[in-house]
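# Observations on the model geometry
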Amino acid sequence: RNVPSNYTRDRLRELLDAEGFFGRYDFMYFPTDFRTASPLGFAFVNLASPADAACFRAHFGGFRQWAVRTTKVCNVSWASAD
C-alpha cells in the first residue's frame, strides 16, 4: 500500500527488480481506475517462495526511497485467499 500516485506498473516493476527482487516474484497486479487512468495506490505481488515473501516484507515495510518525491511510506501486508 501507499504506492505513489504517479507510479506506473513498469516503474513499480523496475523498482522491485532494482531492489533485489528480480526473478523472485511471478505475478504483479497494479490496479488503476479506468475512468481516471490513475493507479489506486496498491499492488499485489506474488513472491516465488515463503522466504522471498518474508524478505520482501522486511525490505518494503516502511520503504521510503521512491524514485519520485513523496511522503508516502510503503505498508506491506499479507493478502487473504478468501
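Residues numbered from 1 in each chain as written. Predicted model: local features only at pLDDT ≥ 70, side-chain atom pairs only at ≥ 80, totals over all residues. Heavy atoms only, no water.

### Looking at the overall build of the protein
Broken down by element type, the protein carries two helices and four strands. Starting at the N terminus, the α and β elements of the protein follow one another as α-β-β-β-β-α. Relative to its length of 82 residues, the protein is compact, with a C-alpha radius of gyration of 12 Å against a globular reference of 12 Å. Along the longest, intermediate and shortest principal axes, the C-alpha atoms of the protein span 35 × 30 × 20 Å. Across the 82 residues of the protein, 28% fall into the buried class. Long-range contacts, defined as pairs at least 24 residues apart, comprise 48% of the intrachain contacts of the protein with a sequence gap of at least 6. Within the protein, the 8 negative side-chain charges are centred at a point lying 9 Å from the centre of the 10 positive side-chain charges. (Helix = DSSP H or I, 4+ residues; strand = E, 2+ residues; numbered from the N terminus. Rg over C-alpha atoms; globule rule 2.2 N^0.38 Å. Buried < 20%, exposed > 50% of the residue type's maximum accessible area, 1.4 Å probe, protein only. Contact = heavy atoms within 4.5 Å. Lys, Arg positive; Asp, Glu negative; His and termini not counted. Charge placed at Lys NZ, Arg CZ, Asp CG, Glu CD.)

### Digging into unusual backbone geometry
Positive phi outside glycine occurs at Asn2, with the angle close to 70°. Here Asn2 lies in the segment before helix H1 (9-21). Owing to a relative accessible area of 35%, Asn2 belongs among the partly exposed residues under this scheme. Even without being glycine, Ala37 reaches a positive phi, approximately 65°. Relative to the elements of secondary structure, Ala37 occurs in the loop between strand E2 (32-33) and strand E3 (38-39).

### Side note on the packing of H1 against helix H2 (residues 50-60)
Relative orientation of the contacting elements H1 and H2 amounts to 105°, with a least axis distance of 11 Å. Taken together, the axes of H1 and H2 are roughly perpendicular relative to one another. On H2, the residues that touch Leu15, Leu16, Glu19 and Phe21 of H1 are Asp52, Cys55, Phe56, His59 and Phe60. For the contact of H1 with H2, a count of residues per class yields six nonpolar, one polar and two charged. (Axes fitted to C-alpha atoms, helices over the stretch in contact; angles between N-to-C directions. Parallel < 35°, antiparallel > 145°, perpendicular 65-115°, else oblique. Nonpolar A, V, L, I, M, F, W, Y, C, P; charged D, E, K, R; others polar.)

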